[in-house]
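# Coordinate inspection notes
So the chains spell out like this:
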Amino acid sequence: MRRLPNRLNRRRRTVTTLVAAVVSGSVLATVPASAAVGGPGLGDPYFPDDGNSGYDVSHYDVRISYDPAHTDRLDGDTTVTARALTGLDRFGLDLKGFTVASVEVDGVPAKTFSRAGAHELLITPARPVAKGATFEVRVKYAGRPDPEGWHTLRNGGANVAGEPHSATSWYPANDHPSDKATFALTATVPDGWTAVGNGLPGPESLRDGRRTFRWFEDRPMATYLSTVAIDRFTVHRGRTAAGTPVITAYSPDAVIDPEAEAQQTEILDFLASKFGPYPFSSAGAIVVGASKEPSNGPLALETQSRPTYGSMLFDASMVHENTHQWFGDSVSFKDWRDGCAAECFAQYAGQLWEEHKGADLDQDYYRSEVEEYRNDPSFWSVKLYDPGPGKELDPALYFKGSLMLHALRRTVGDEAFFRTLRTWTRDHAYGNASFRQFEALAAKVSGKDLKGFFAAWVDGTVLPPQKYLYPGTLGTPAR
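All values reported here derive from a predicted model rather than from experimental measurement.

The rules behind each value
Residues numbered from 1 in each chain as written. Predicted model: local features only at pLDDT ≥ 70, side-chain atom pairs only at ≥ 80, totals over all residues. Heavy atoms only, no water. Axes fitted to C-alpha atoms, helices over the stretch in contact; angles between N-to-C directions. Helix = DSSP H or I, 4+ residues; strand = E, 2+ residues; numbered from the N terminus. Parallel < 35°, antiparallel > 145°, perpendicular 65-115°, else oblique. Left-handed = near helix turned anticlockwise from the far one by under 90°. Contact = heavy atoms within 4.5 Å. Nonpolar A, V, L, I, M, F, W, Y, C, P; charged D, E, K, R; others polar. UniProt positions renumbered as here; feature names shortened; annotations may be inferred. Phe/Tyr/Trp six-rings, centres within 6.5 Å; stacked < 30°, edge-to-face > 60°. Buried < 20%, exposed > 50% of the residue type's maximum accessible area, 1.4 Å probe, protein only. Expected span 1.5 Å × (residues − 1). Salt bridge = Lys/Arg side-chain N within 4 Å of Asp/Glu carboxyl O. Domains from an automatic or database assignment. Buried area = accessible area lost by both parts, 1.4 Å probe. Polar contact = N/O pair within 3.5 Å; in protein donor to acceptor, adjacent residues only side chain to side chain. Pairing = 2+ DSSP bridges.

## A few points about the packing of helix α3 (residues 340-356) against helix α6 (residues 395-412)
- Between α3 and α6, whose axes approach to 8 Å, the crossing angle comes to 65 degrees. One finds that α3 runs roughly perpendicular with respect to α6. With respect to the hand of their crossing, α3 and α6 are arranged in right-handed fashion. Of the residues in α6, those in contact with Cys 340, Glu 343, Cys 344, Phe 345, Gln 347, Tyr 348, Leu 352 and Glu 355 of α3 are Leu 397, Tyr 398, Phe 399, Gly 401, Ser 402, Met 404, Leu 405, His 406, Arg 409 and Arg 410.
- Classifying every residue of the contact of α3 with α6 gives ten nonpolar, four polar and four charged.

## Remarks on the UniProt feature "domain: Peptidase M1 membrane alanine aminopeptidase" (unreviewed entry) in the chain
- When the UniProt feature table is mapped to this numbering, "domain: Peptidase M1 membrane alanine aminopeptidase" (unreviewed entry) covers residues 318-457.
- With 65% helix and 0% strand, residues 318-457 has end C-alpha atoms that lie 27 Å from one another.

## Remarks on the packing of aromatic side chains
- Using the criterion set out here, one finds 36 aromatic pairs in the structure.
- Look at Phe 270 and Trp 353: their rings are 5.4 Å apart centre to centre, the planes differ by 70 degrees, and that puts the pair in the edge-to-face class. Taken together, the positions of Phe 270 in helix α1 (residues 258-275) and Trp 353 in helix α3 put the pair 83 residues apart, joining distant regions of the chain. Of the two residues, Phe 270 and Trp 353, both sit in the buried class.

## Side note on the UniProt feature "domain: Aminopeptidase N-like N-terminal" (unreviewed entry) in the chain
- The positions UniProt marks with the feature "domain: Aminopeptidase N-like N-terminal" (unreviewed entry) are residues 58-225.
- Helix makes up 0% of residues 58-225 and strand 54%, with an end-to-end C-alpha separation of 15 Å.

## With respect to α3
- Under the 1.5 Å per step criterion, the end-to-end length of α3 is 23 Å for 17 residues, consistent within 8% with the ideal 24 Å.
- Among the 17 residues of α3, 14 are classified as buried, and the element is accordingly described as predominantly covered.

## As for the pattern of salt bridges
- Overall, the coordinates contain 19 salt bridges when judged by the stated rule.
- For Arg 73, the salt bridge goes to Asp 75, with nearest N and O atoms at 2.8 Å.
- We classify Arg 73 as partly exposed; its relative accessible area is 44%.
- Given the relative accessible area of 29%, Asp 75 is considered partly exposed.
- For Lys 357, the salt bridge identified is with Glu 266, shortest N-O distance 2.8 Å.

## Topic: the domain arrangement of the chain
- Looking at the assigned domains, one finds that the chain contains domain 1 (55-325) and domain 2 (334-475).
- Measuring from the centre of the C-alpha atoms in domain 1 to the corresponding centre in domain 2 gives 30 Å.
- With 26 residues of domain 1 at the contact, the number on the domain 2 side is 24 residues.
- Each partner contributes to the roughly 2100 Å² buried at the junction of domain 1 and domain 2, and carbon and sulfur atoms together form 63% of this total.
- Across the contact surface, domain 1 and domain 2 share one salt bridge.
- Here domain 1 and domain 2 share eight residue pairs in polar contact (both at pLDDT 80 or more) between them.
- Residue assignment for the side of domain 1 that touches domain 2 shows that the elements contributing at least two residues are β17 (210-221), α1 and α2 (315-323).

## Overview of the sheet that holds strand β23 (residues 308-310)
- Taken together, five strands build an open sheet; the order of strands is β19-β20-β21-β23-β22 and the sheet is mixed. Both edges of this open sheet fall to β19 (234-239) and β22 (300-301), since each of them pairs with a single strand only.
- Pairing between strand β20 (residues 245-250) and strand β21 (residues 283-288): five bridges, direction parallel. The residue bridging Thr 248 from the neighbouring strand is Ala 285, located in β21.
- Contacts from α1 reach β19, β20 and β21, with the element oriented near 145 degrees to β20.
- Each of β22 and β23 touches α2; the most contacted strand, β23, lies at about 155 degrees to it.

Laid out in structure tokens, this is it:
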């Protein structure tokens, strides 16, 4: 989770990321993770144990029951639909904590299930799953949600937000951005409380003093972008210029600012004009109140279709998180080396918004930033692609990365630059792509040799040479 009071505050370079918590949970048995057929991870060099390479998930059906009066217990019943990429005698799902009551594979109780490591649920089906077969895994579980992703609010509510991990705090998943899936949420809470999730709402029902809410995200989603928020929300509804429903939910102690809410729609329309049509069936925001945990300050995270914010909406954060709906959510990175494919663009979009409002980006933004940091080696020392384990959300991706994109824009020209962005979001919509692919696309669209540019800016760890630092109109004397 990133706590960013103002992501466009150009003099602040501190981006705080959520540090993974130590997990406490019931361990049924100790089984080496390597026992999972297909591999205990998806090969991410930063998080090698995340996910499982033996299958590809197509859909999550997550059903939870939660009473804010009892914050130490969540009851879950999740069904994962997947296709086997190899024959599966055994496979794993990622789940932190909880007591697992039962596991079924295609309606038949699993032969065995056990826990391994910090987050592995190892499952041996009664019958092996054949390569290419579609299968369903149903897991029933209960217990205290893990605080890495599940956050209780001071007023009794709760919400989920966290990057790079949060999903496994409340449901079993193949927890890696490269395995995206559609998502259905059914959340039952006491009457008077509201549950908000990703995508579009379904029918509500009330029974025995408990209300059930349903949400459906019909476009594939990376697991860390899934969310649920439970509170006594005030919910506002609207539409973008293109007709996309906008649903904004406010916790009781969140600030409701009609001007900011109206600006949210203006921002979505502006971003669509730059990046192409808005990619999802709904938009909006979840604005939560103060967290019960002292370490959790104001937050902003691009939970798919409905970003999550702490306390209030404001333009800087809304531009950033909604840009992620194109860069990071619809087009997700292949692995965690690729953070620039999301964060560099989301941060630069803030500059585009300022330009839209009348700013001179060459002078007001770019020159002032470069001149401030040109003699600060630490500012240039982190690579934008593959910055290193523990640096997947390094501040360099936001600040050096947005400078890189403006320099690229001045190198190739506006027409080629924005055509590259629109081609990227169109050609890779709802899939995964690496920043290396973006480099190739920028060169193809512009017809320019950009190898030196990207070597200096993306792979370099020092101030770029003058010709790459001040290309095009940036090379003219400052006024």
